[in-house]
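Reading the structure
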Amino acid sequence: MPDTILRHWRRWQPGLLHHGARVNRSLLGRTTVLGAALGVFLVLGLWQGAQPLPPSAWQELGLLAEGPALRRLPPRNADDLAAFFDSNGYTLARLQSGAAVPRLAVARLPRDMDDVADSDRRKALFLRSLLPLVLQANAEIARIRGQVIAALDAKAAGRLGATDAVWLEHVADWYGAAPGDAADLLSRIDQVPPSLALAQAAQESGWGRSRFARDANALFGQRVWSEHQPGLAPKEVDEANFRVRAFPDLMTGVRSYLHNLNSHRAYQRFRELRAQSRAGGRRADAIDLAGSLSQYSEEGADYVAALRRLISRNDLRALDGLRLERLTRS
């Protein structure tokens, strides 16, 4: 369509410019030309319809609804970041008493995490760094879920518009849902318990001390095989045919991890258990869900056991009921 219009424009351009110069001499002529141009663009817009976003953009669905959701923090060393958290009253003790989680986005973990000798201090810093990111990513998913439910209700009532239908198809495609299967789609667009996300990040990154965490913002051990995707090659695996996926910041990595659990076929059982909990009016339990993640790691059952120990020994389920601070409008 654009090429056809361009060819016609080149053919008609000399005559149109000549005629336009004559018409431009009067106010009525100018008004007529502007009205005609507006009409042409309106007709073209209606004929072309909504242009779908590329699949990668659906990772960011709903982000613009609230405006800036988190205050981005520049990289800091471990001592400075811990001091910043403490000075703003952001401590695990306050969280355990029910305080809201500050809207802070750590761009990357301190590069000197491995130098923090006190393991409890290191764990507290790790958890406080990641918790707002996980809560924000979950909030984004909840918002998308609400939009999808509204669209599915409209579709069932026969009043779903063409643009919304295209949007719904792209969401289903992004999550890998079976075409037309509303239950499958909704089982994929749901939150992950923060305790489980934090446990997997801690297990995969050694509480933020791994080379992948420091150099690639990779906390969840996601792999890539394409040379076109950014990644970091493992040193401990001889002739590895994969790399650990790299991310520009921690927030992007958290979103990718959630999308992985919500879309990959290996985690179908995870989604089924979560959907069963929701149908029963219960909050999905991280210990139960961990049992469905044996395929996440080559360690299989040992990996599941390690996750469950992390969750229990560090009382991570106490963080599942927390919420981000309310957004303030300027």
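**Looking at the overall build of the chain**
- Scanning the chain from terminus to terminus reveals 13 helices and five strands.
- Within the span of the chain, comprising 330 residues, buried residues form 42% of the whole.
- A separation of at least 24 residues holds for 67% of the contacts in the chain among residues at least 6 apart in sequence.
- If you sum the accessible surface of the chain, you get close to 18,500 Å²; carbon and sulfur atoms cover 53% of it.

**What about the environment of Gly-89?**
- Relative to the helices and strands, Gly-89 resides in the loop between helix H3 (78-87) and helix H4 (92-96).
- C-alpha separation for the pair Gly-89 and Pro-102, spaced 13 residues apart in sequence, amounts to 9.1 Å.

**Describing the packing of aromatic side chains**
- Across all of its chains, the model carries six aromatic pairs by this definition.
- Aromatic pair Phe-85 and Tyr-90: ring centres 5.0 Å apart, planes at 75°, arrangement edge-to-face.
- With a relative accessible area of 0%, Phe-85 lands in the buried category.
- Ring centres of Tyr-267 and Tyr-296 lie 5.8 Å apart, and the angle between their planes is 35°; this geometry places the pair in the tilted category. In this pair, Tyr-267 sits in the loop between helix H10 (250-263) and helix H11 (268-279) while Tyr-296 sits in the loop between helix H12 (286-290) and helix H13 (301-313), placing the two residues 29 residues apart along the sequence.
- Here a set of aromatic residues connected by ring pairs shows up, and it is made of Phe-84, Phe-85 and Tyr-90.
- Cation over ring: Arg-76 sits above Phe-84, and NZ or CZ is 4.6 Å from the ring centre.

**Quick look at the confidence of the model for the chain**
- Here the chain shows a mean pLDDT of 82. Residues at 70 or above account for 75%.
- When mean pLDDT is compared element by element in the chain, H12 scores highest at 98, while helix H2 (residues 27-48) scores lowest at 42.
- Here residues 27-67 scores under 50 on pLDDT; set against residues more than four positions off or in separate chains, the count is 37 contacts.

**Digging into H10**
- Here H10 is 14 residues long and its end C-alpha atoms lie 20 Å apart, about the 20 Å a rise of 1.5 Å per residue gives.
- Within H10, 13 of the 14 residues are buried, which leaves it mostly tucked inside the rest of the structure.
- Where H10 begins, the side chain of Asp-249 points an oxygen toward the backbone nitrogen of Met-251, at a separation of 3.4 Å.

**Considerations on the nonpolar core**
- Residues Phe-85, Phe-126, Leu-131, Val-148, Leu-196, Leu-219 and Tyr-257 are the most contacted members of the largest nonpolar core, which totals 76 residues.
- Residue contributions to this core peak at 14 residues, all from helix H5 (residues 119-156).
- Judged by nonpolar contacts, the second largest core, of five residues, contains Phe-212, Ala-216, Val-244 and Ala-246.

**Quick word on the side chain of His-259**
- With respect to the secondary-structure elements, His-259 resides in helix H10.
- Not counting the four nearest positions on each side in its chain, His-259 is found in contact with Trp-174, Tyr-175 and His-264.

**Some words on the pattern of salt bridges**
- According to the stated counting rule, one finds ten salt bridges in the structure shown.
- Ionic pairing is found between Asp-249 and Arg-72, a salt bridge with its closest N-O pair at 3.4 Å. In this pair, Asp-249 sits in the loop between strand S5 (243-245) and H10 while Arg-72 sits in strand S1 (residues 71-73), placing the two residues 177 residues apart along the sequence.
- Classification of Arg-72 as exposed rests on a relative accessible area of 54%.
- A salt bridge links Asp-86 to Arg-128; the shortest N-O distance between them is 2.9 Å. Of the two residues, Asp-86 sits in helix H3 while Arg-128 sits in helix H5, which places them 42 residues apart along the sequence.
- In this structure, a network of salt bridges that share partners links the residues Arg-145, Asp-190 and Arg-278.

**Brief notes about the environment of Asp-315**
- Note that Asp-315 resides in the segment after H13.
- Look at Asp-315 and you get partly exposed, because its relative accessible area is 46%.
- Sequence separation between Asp-315 and Ser-195 is 120 residues, and the spatial gap between their C-alpha atoms is 8.5 Å.

Criteria and thresholds
Residues numbered from 1 in each chain as written. Predicted model: local features only at pLDDT ≥ 70, side-chain atom pairs only at ≥ 80, totals over all residues. Heavy atoms only, no water. Helix = DSSP H or I, 4+ residues; strand = E, 2+ residues; numbered from the N terminus. Buried < 20%, exposed > 50% of the residue type's maximum accessible area, 1.4 Å probe, protein only. Contact = heavy atoms within 4.5 Å. Areas by Shrake-Rupley, 256 points an atom, 1.4 Å probe, with all protein chains shown as cover. Phe/Tyr/Trp six-rings, centres within 6.5 Å; stacked < 30°, edge-to-face > 60°. Lys NZ or Arg CZ within 6 Å of the ring centre and 35° of its normal. pLDDT = per-residue confidence, 0-100. Expected span 1.5 Å × (residues − 1). Polar contact = N/O pair within 3.5 Å; in protein donor to acceptor, adjacent residues only side chain to side chain. Core = buried A, V, L, I, M, F, W, Y, C linked by side-chain atoms within 4.5 Å. Salt bridge = Lys/Arg side-chain N within 4 Å of Asp/Glu carboxyl O.

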